[in-house]
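Geometric and topological summary
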Amino acid sequence: FIEPNREDIDFVEHDFKVSIRVPSSNETVESYARPPADIDWGQVDVGAYEAWKIAQGEGITVAVIDSGVDPYHPQLIDRIAINTGEIPDDGIDNDNNGFIDDYLGFDFHKYSIGKGGSGNIRDPLGHGTHVAGIILAEHTPDGLMKCIAPKAKLIPLNFMGPDETGYIGDAIFAIEYAVRRGARVINASWGGPSCSLALRQKIAALESLGVLFVAAAGNGDPYTGIGYNLDFRADYPAAFGLPGQLTVGATNIYGRMTGFSNYSYNLVHLMAPGWQIMSTFPTGGKARCSGYSPAPGYCYMSGTSMATPFVAGAAALLWSYRPQATVSEIRTAIMKGVTPGEYQAVSRGRLNIRRALEEI
């Protein structure tokens, strides 16, 4: 029989699943001990306070492709990049971009198989809200935490289901949408062992579009909580090693790599704070803080998921200072500006935003 458009098919692959990056429940005391007294230890460690005197992410949009976000959190509500061409909740694609009611963002869960897609970006898991808060939660006088790029804008995109997994096909649609909406940085705090050529090609194309892709290195063995060497046990998209990508491992308050963080001298580019990080969390709904919550709407979490947004926020901050910089220049500045140490990463260091600003 005749198969229509067969000549247009380049390749076929399984639509693999990936998951959000949360360390094993059997993680050592290192990660689940009482939270540190200094709730901003990560911001201090990366030199954010000095960097804020120079730039704060103005004019830069970051896409968080994750489990959604709580759009009504007081520190996030004014940070969302509103799609002004859309009228919320009217069931009409007002701006004719192919997505209905994408006023705040879009939910791509099961979109690629024709069973999903909506403008509801509420976060039932809490993961995406926590990640977004680290990047760009508004600095308020009574706020419990301060983010890395407080004047950047957020495009919240969900592709995760209630089981904390999502399809790569949905992630690819989310990446394409983020680019169309003008994102300069994409934060991907998720991954899995299956290597998708389609995802690799999509991420590889981002550099030429002026978009930096920041990925979590992963949290190692799900039973022991011990990190893997990605050279021998790959995790994707972390292990793609593409020129327009930064892969991030996690450090603790003592400046050491956490026991759960994946690592590699070839595939993990740098480390950043990922132990007991306090950030925003949904204030209603089904999400429950699995760590310590100092107040409603906030939660301590650990993982390379938390380290990744430190770097995504740093990229936004650098781009706001030097808007004409290329992806390569931003990436190089972050890599050259690290605080050196005995870290199993390409740069041998951990994030230092003040020094990265000097490099750019």
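Source: prediction; values computed, not measured.

This part covers the overall build of the chain. Of regular secondary structure, the chain possesses nine helices and 14 strands. Taken against the 2.2 N^0.38 rule, which gives 21 Å for 360 residues, the C-alpha radius of gyration of the chain at 19 Å falls within 12% of a compact globule. If you line up the chain on its principal axes, its C-alpha atoms span 65 × 45 × 45 Å. Expressed as a percentage of the 360 residues in the chain, the buried residues total 57%. The contacts in the chain between residues at least 6 apart in sequence include a share of 73% that link residues at least 24 apart. Surface accessibility of the chain: about 14900 Å² in total, with carbon and sulfur atoms responsible for 51%.

In this structure the tally under the stated criterion is 16 aromatic pairs. Aromatic side chains Tyr254 and Trp275 sit 6.4 Å apart centroid to centroid with 40 degrees between the ring planes, which places their arrangement in the tilted category. Of this pair, Tyr254 sits in the loop between strand 9 (245-251) and strand 10 (270-273) while Trp275 sits in the loop between strand 10 and strand 11 (277-280), placing them 21 residues apart in sequence. The exposed category is assigned to Tyr254, whose relative accessible area is 59%. Between Arg184 and the ring centre of Trp319, over which it is positioned, the NZ or CZ distance is 4.2 Å.

Closest axis-to-axis distance for the helix 5 (residues 168-180)/helix 6 (residues 197-204) pair is 10 Å, and the angle between their directions is 15 degrees. Taken together, helix 5 and helix 6 sit at an angle that is classed as roughly parallel. Remark: the crossing between helix 5 and helix 6 carries left-handed chirality. Between helix 5 and helix 6, the residues in contact are Ile168, Ile172, Ile175 and Glu176 and Ala198, Leu199, Lys202 and Ile203, respectively. Considering only residue class, the contact of helix 5 with helix 6 consists of six nonpolar, no polar and two charged.

With antiparallel pairing, the three strands of this open sheet are ordered in space as 5-1-7. What marks the edges here is a single partner per strand, and that holds for strand 5 (165-167) and strand 7 (190-191). Pairing analysis gives three bridges linking strand 1 (residues 17-20) to strand 5, with the strands arranged antiparallel. Across the sheet, Val18 pairs through a bridge with Gly166, a residue of strand 5. Its contacts with the sheet place helix 5 against strand 1, strand 5 and strand 7, and it is angled at close to 75 degrees to strand 5.

The subject of this paragraph is unusual backbone geometry. In this structure, the amide linkage connecting Tyr236 to the following residue, Pro237, adopts the cis form with an omega of 15 degrees. Positive phi, normally seen in glycine, also occurs at Lys110, with a value near 70 degrees. Assignment of secondary structure puts Lys110 in the loop between strand 3 (106-107) and helix 4 (127-136). Residue class for Lys110 comes out partly exposed when judged on its relative accessible area of 34%.

With respect to the secondary-structure elements, Thr339 resides in strand 13 (residues 339-340). Looking at Thr339, the relative accessible area reads 18%, which means it is buried. For Thr339, the side chain forms a polar contact with the side chain of Asn352, separated by 3.0 Å. Dropping the residues within four chain positions of it, Thr339 is found in contact with Arg348, Gly349, Arg350, Leu351, Asn352 and Arg355.

Should the charged atoms of two oppositely charged side chains come close, the side chains can pair. This model, assessed by the stated rule, comprises five salt bridges. A salt bridge links Arg122 to Asp70; its shortest N-O distance comes to 3.9 Å. You can see Arg122 sitting in the loop between strand 3 and helix 4 and its partner Asp70 sitting in the loop between strand 2 (61-66) and strand 3, a full 52 residues away along the chain.

Each value, and the rule that gives it
Residues numbered from 1 in each chain as written. Predicted model: local features only at pLDDT ≥ 70, side-chain atom pairs only at ≥ 80, totals over all residues. Heavy atoms only, no water. Helix = DSSP H or I, 4+ residues; strand = E, 2+ residues; numbered from the N terminus. Rg over C-alpha atoms; globule rule 2.2 N^0.38 Å. Buried < 20%, exposed > 50% of the residue type's maximum accessible area, 1.4 Å probe, protein only. Contact = heavy atoms within 4.5 Å. Areas by Shrake-Rupley, 256 points an atom, 1.4 Å probe, with all protein chains shown as cover. Phe/Tyr/Trp six-rings, centres within 6.5 Å; stacked < 30°, edge-to-face > 60°. Lys NZ or Arg CZ within 6 Å of the ring centre and 35° of its normal. Axes fitted to C-alpha atoms, helices over the stretch in contact; angles between N-to-C directions. Parallel < 35°, antiparallel > 145°, perpendicular 65-115°, else oblique. Left-handed = near helix turned anticlockwise from the far one by under 90°. Nonpolar A, V, L, I, M, F, W, Y, C, P; charged D, E, K, R; others polar. Pairing = 2+ DSSP bridges. Polar contact = N/O pair within 3.5 Å; in protein donor to acceptor, adjacent residues only side chain to side chain. Salt bridge = Lys/Arg side-chain N within 4 Å of Asp/Glu carboxyl O.

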